[in-house]
Structure formats: C-alpha cells, structure tokens
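What the coordinates show
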Amino acid sequence: MTSRGGRRAALAIMVATVLTGPAACTSSPDTPAKGARSASAPQARPTAALRAAERATRRAGSARVRSTTALGTLMSTRAEGALGWTDGTTGTLTITYTGGSTADLMRGLDSGSLETRYLRDAYYAKVGERFARQLGGRHWIKYTYDYLATLGGGSGAMLTDVMRNTTPNRPVRLLLASADAHEVGEEKVAGTATTHYSGTVHASDLAADSGLRQQLTRAGVTAETVDLWIDAKGLLVKKTEKADTASGAMNQTAYYGDYGVKVSAEQPPAGDTEDFRTLLKKRGVGGPTS
C-alpha cells in the first residue's frame, strides 16, 4: 500500500491500536462450579465485596494480562504482557491483529503484531520494516497523551481517558455503579476458585464518577454489561465487557494474574522514534480541531 490514502488509513489504524490494547484480554475454558446460583435469582447488591475487590486490585499495583477484543467488523485483537498502575499506566504488551478489516491492512504493512510500551506521558508502538520505510527507517511511533487529548471529535480525549484508566480495578468501579449488580455464584476460572458477579451499567449511573462516564459517552456507549470473576483474595481474575459503541459491537475478555509482578517499559531510542504529531503534519493529516 503506497497511496496517500492508504498511508492515512494506516495512521488512523495505529491510533486505534491504542484503544484496543490493555483494555482487551483472552480466554480459556472456565468451569461453573456445581450449585452455582442463577443470575436471575433476586439478590442483594454485593457492594461490600466489590469495594474490597477494588481496593485489593488497586493496591496490587501490577499484573500480567492476556487479552482478546472484537470491535464490530473493524478488528479483533489479542494482547499479552504485564501492566502496572501505581503511577499511571506503565508496562509492555504485544498486540496482534487476528481479524476484521484492520488485520489485512496491518499485515500488508508488516505490522500485524506490534510491541507496545506504555509510559507515564506517552504510548509507543513498534512497527514492522515495511511500515518503518514510510517513517524514514524509524521503527517506533510515539503517541503523547496530552496531544492525543486535543484531537477533534472527542476521539483523542476518549483515547487519553482509556489509556490512563486501563487498570483491573476499572471494571470493578463500573460494576459498583450498576443498579442491578448481583452475585451469580461460585465458579472456577482456569483452575482458580472465584465468585462471579454481573450487572449492566448505564452512563447515567456514573454521576459520581465523571471519568468513567466520559469514557463511555465519548465511545458512544449508553450501557455496558460487565461480568467479573474475583478470587478469595479479592483480586480480579477475569472480566468481560460487552457494549454497542459508535464503531460497532464491542466484546472484551480479560484475564489477570501474577499480581505484583515487576513491570518495566523503556523509552525507545529517540533516533528510532517518530512522533505521531510530527507524522500527521508530514502526511498532511489534520490535527486538533476546535
């Protein structure tokens, strides 16, 4: 793909990569335990258990993440790595495009699988050799959060919100706001005993959490179904999120483990890095709009 339009499309996809990175996660067979209660049975909201899980997960500070995400017909991805959230989102993931219209384009650019690094002020994506040739031989694209937040249409601000809030305790906060949050029952997830909680959260439920409410509304989401599997230590083992977004149906499944793992992410060499803002200007693609 060498046309100007193709290059612009590729740039847009590289931005979308950020949106589907750490928020996404993977699957393995999970076995409901005998005697698990039906989700339809009336139960009291498990507020105390969810608050304890939010605190435990937040205090853990880091975890290994495996992930899959599907977003309409646009893309499906899987991701694996380790993330920390003590001082902003930091860590490294490998994100692979597995389907959707995006996958063929990214494979054509020799960038079907990307190493991604998350630092306090920016996100870096390592592209393949074919894409690097379009960047003057540079292999990394730097996305500064402050600049992304200025992009028009609210997409950049939404992107920045997502990147700075993609921690395992985020879906717990979502479920805490749900009016119908309930305990489903005890289940095993990849051999670990957990308690399964479920509920639907509406953007209007998040009046007390403006950050989460903005994340949903900027993505065009009015309601989201959240399921969590929490272990005996109060740590999130698995989560699923389903919603209709402005880009199509979103379905994410995330698995977390090895809490407290050491996380590192080094800034790529400056000489091998192209700043996204500079890249847009070189390609003649519009930047911030009022």
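Residues numbered from 1 in each chain as written. Predicted model: local features only at pLDDT ≥ 70, side-chain atom pairs only at ≥ 80, totals over all residues. Heavy atoms only, no water.

Scanning the protein from N- to C-terminus turns up nine helices and 13 strands. Put simply, 61% of the contacts in the protein that link residues at least 6 apart link residues at least 24 apart. Taken as a whole, the protein presents about 13000 Å² of accessible surface, with 49% of it coming from carbon and sulfur. (Helix = DSSP H or I, 4+ residues; strand = E, 2+ residues; numbered from the N terminus. Contact = heavy atoms within 4.5 Å. Areas by Shrake-Rupley, 256 points an atom, 1.4 Å probe, with all protein chains shown as cover.)

This part is about the layout of surface pockets. Taken as a whole, the second largest pocket spans an internal volume of roughly 220 Å³. Lining the second largest pocket are 17 residues, and of these Val237, Tyr255, Tyr256, Gly257 and Asp258 sit closest to its centre. Broken down by secondary-structure element, the contributors of at least two residues to the lining of the second largest pocket are β2 (62-71), β3 (75-84), β11 (236-245) and β12 (248-257). Split by residue class, the lining of the second largest pocket holds nine nonpolar, three polar and five charged. (1 Å grid on protein atoms, 1.4 Å probe; cavity = no way out; pocket = protein on both sides within 12 Å on 5 of 7 lines; lining within 4 Å. Points joined across faces, edges and corners; volume = space filled by probe spheres on them. Nonpolar A, V, L, I, M, F, W, Y, C, P; charged D, E, K, R; others polar.)

Counted according to the given criterion, the structure contains eight salt bridges. For Arg120, the salt bridge goes to Asp87, with nearest N and O atoms at 3.3 Å. With Arg120 in the loop between β5 (113-118) and β6 (122-126) and Asp87 in the loop between β3 and β4 (90-99), the pair connects residues that are 33 residues apart, well separated along the chain. In this structure, the salt-bridge partner of Lys239 is Glu241, at a minimum N-O distance of 2.7 Å. Neither Lys239 nor Glu241 differs from the other in exposure class; each is buried. (Salt bridge = Lys/Arg side-chain N within 4 Å of Asp/Glu carboxyl O. Buried < 20%, exposed > 50% of the residue type's maximum accessible area, 1.4 Å probe, protein only.)

Despite not being glycine, Asp110 shows a phi value in the positive range, around 60°. Structurally, Asp110 can be placed in the loop between α3 (101-108) and β5. The phi dihedral of Asp258 is positive, around 50°, even though this residue is not glycine.

Time to look at helix α9 (residues 276-283). Looking only at α9, the buried set comprises Phe276, Leu279, Leu280 and Arg283. The buried residues of α9 occupy an angular sector of 100° when the element is viewed end-on, so they sit on one face. With a side-chain oxygen lying 2.9 Å from the backbone nitrogen of Arg277, the N-terminal cap of α9 falls on Asp275. (Arc of directions from axis to C-beta. Polar contact = N/O pair within 3.5 Å; in protein donor to acceptor, adjacent residues only side chain to side chain.)

Below, the discussion takes up the packing of helix α2 (residues 47-60) against helix α7 (residues 169-177). In the contact formed by α2 and α7, the axes pass within 9 Å of each other and the chain directions differ by 160°. Taken as axis vectors, α2 and α7 run roughly antiparallel relative to one another. Considering how the two elements wind past one another, α2 and α7 form a crossing that is left-handed. Contact with α2, carried on its side by Thr47, Leu50, Arg51, Ala53, Glu54, Thr57 and Arg58, involves Asn169, Val172, Arg173, Leu175 and Leu176 of α7 and no other residues of that element. Here the residues of the contact of α2 with α7 sort into five nonpolar, three polar and four charged. (Axes fitted to C-alpha atoms, helices over the stretch in contact; angles between N-to-C directions. Parallel < 35°, antiparallel > 145°, perpendicular 65-115°, else oblique. Left-handed = near helix turned anticlockwise from the far one by under 90°.)

The sheet contact formed by β2 and β12 spans eight bridges and is antiparallel. Bridging from a neighbouring strand, Arg64 pairs with Gly257 of β12. Across eight bridges, the pairing between β11 and β12 is antiparallel. Residue pairing in the sheet places Thr240 in a bridge with Thr253 of β12. (Pairing = 2+ DSSP bridges.)

Let us now look at the side chain of Thr194. Within the secondary structure layout, Thr194 lies in strand β9 (residues 192-202). Thr194 gets classed as buried once you look at its relative accessible area, which sits at 4%. Once you skip the residues sitting within four places of it in the chain, Thr194 turns out to touch Gly185, Glu186, Glu187, Val189, Trp229, Ile230, Asp231 and Val237.

That is the geometry; function is a separate question.
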